[in-house]
Amino acid sequence: MKKLFLLIVIAIFGTFLHAQPVTLKYVTEMKELRLKLYYGNGGKGAFIQYEGKKEIIPLKVKSYKLDTISQGPGQPAHHYFVWDEMVNGKLNGTYKMMQMKNVIVDPSYIRIRDFTHFDLDLVEEEGGPDGDDKYLLHDAIISFNHFYNNRLLIQYPDGKKMNAELPFPDSPDAAQQSIIDDYNFDGYDDLAFTIPDAGMGVYSMFTIYLYNPKTKRFDLFKEPDYSKSACSCLCDVSLDKKNKLLYTGCRGGASWHQDAYRFDKNGTLKWMGTR
């Protein structure tokens, strides 16, 4: 019978937000090991840190599957994650788990050197989640909080740090969301943070940091010229990767609007039209 582990989840705008970090444990031949697992949407930005250790171990997404159909109408989506554990650039093990809304199912670990399979147990931390979250993206550690503050810290592999303040929800019931995706279509994942709009809370306001592979830094995305657009914000951002278009969406009165943008050769967003 499958093991079901409760995981706190807040549903906002049809997405999910899991409490971070997830603490897991398993027993080897010698002792019990505990580790913290961090991960973002689609399993991106994942890493683990063993209890009592300063080092972090990157997890590379081997596969991710989102199943919104097979369970039937009205049932929660199933998220299937498989990560390769990389130590000094070499495969050391494989983590697997499934998540459906507020439940984690069958987390496990396979140790590559002898292909030993370990079932993992969720450890419930005293005091509950504090909202702290971390990602490992382009070898930089990104730290922020979903609930209680607007601080963003990026620690780069060369030892340099960047501190910034994110826009924060004006409603005590709202939370900061985060998304890892390639927003400028250059082949490198970027980082976005979203909060509900300050009006009716019907769409999301985006703050985007683009990764620059030349400088190996995250730079705050410069917003486009809104003089012709229907939406004067980076709101409800969506991507058409095939045609390399970035869309923003907003509500004005009783109508919804969507603007299309394309990056020019200088990396500046140019308005293409409203639909």
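Structure first, text after, so check above.
What counts, and at which threshold
Residues numbered from 1 in each chain as written. Predicted model: local features only at pLDDT ≥ 70, side-chain atom pairs only at ≥ 80, totals over all residues. Heavy atoms only, no water. 1 Å grid on protein atoms, 1.4 Å probe; cavity = no way out; pocket = protein on both sides within 12 Å on 5 of 7 lines; lining within 4 Å. Points joined across faces, edges and corners; volume = space filled by probe spheres on them. Helix = DSSP H or I, 4+ residues; strand = E, 2+ residues; numbered from the N terminus. Nonpolar A, V, L, I, M, F, W, Y, C, P; charged D, E, K, R; others polar. Core = buried A, V, L, I, M, F, W, Y, C linked by side-chain atoms within 4.5 Å. Buried < 20%, exposed > 50% of the residue type's maximum accessible area, 1.4 Å probe, protein only. Phe/Tyr/Trp six-rings, centres within 6.5 Å; stacked < 30°, edge-to-face > 60°. Lys NZ or Arg CZ within 6 Å of the ring centre and 35° of its normal.

Quick notes on the layout of surface pockets
Phase 1 of the analysis: In this structure, the second largest pocket spans a volume of roughly 460 Å³.
Phase 2 of the analysis: Contributing to the lining of the second largest pocket are 18 residues, with Y26, K31, L33, Y50 and K53 lying nearest its centre.
Phase 3 of the analysis: Breaking the lining of the second largest pocket down by element, the ones donating at least two residues are β5 (32-38) and β10 (103-111).
Phase 4 of the analysis: Take the lining of the second largest pocket: its biggest share by element is three residues, from β5.
Phase 5 of the analysis: Residue classes in the lining of the second largest pocket are distributed as seven nonpolar, two polar and nine charged.

Let's talk about the nonpolar core
Phase 1 of the analysis: L37, W83 and Y95 are the most contacted members of the largest nonpolar core, which has 21 residues in total.
Phase 2 of the analysis: Listing elements by their share of this core, those giving two or more residues are β4 (22-27), β5, β6 (47-50), β7 (57-67), β8 (78-87), β9 (90-100) and β10.

Digging into the packing of aromatic side chains
Phase 1 of the analysis: Inspection of the entire model under this criterion finds 16 aromatic pairs.
Phase 2 of the analysis: Both rings, one in F81 and one in W83, keep their centres 5.1 Å apart while their planes meet at 5°; by these two values the pair is stacked.
Phase 3 of the analysis: Under the relative-accessibility criterion, F81 is labelled buried at 2%.
Phase 4 of the analysis: Judged by centre distance (5.8 Å) and plane angle (65°), the rings of F147 and Y148 are edge-to-face.
Phase 5 of the analysis: With relative accessibility at 23%, the residue F147 sits in the partly exposed group.
Phase 6 of the analysis: Owing to a relative accessible area of 59%, Y148 belongs among the exposed residues under this scheme.
Phase 7 of the analysis: Positioned above the aromatic ring of Y80 is the side chain of K65, whose terminal nitrogen or guanidinium carbon lies 5.9 Å from the ring centre.
Phase 8 of the analysis: The ring centre of Y156 lies 4.2 Å from the NZ or CZ of R217, which sits over that ring.

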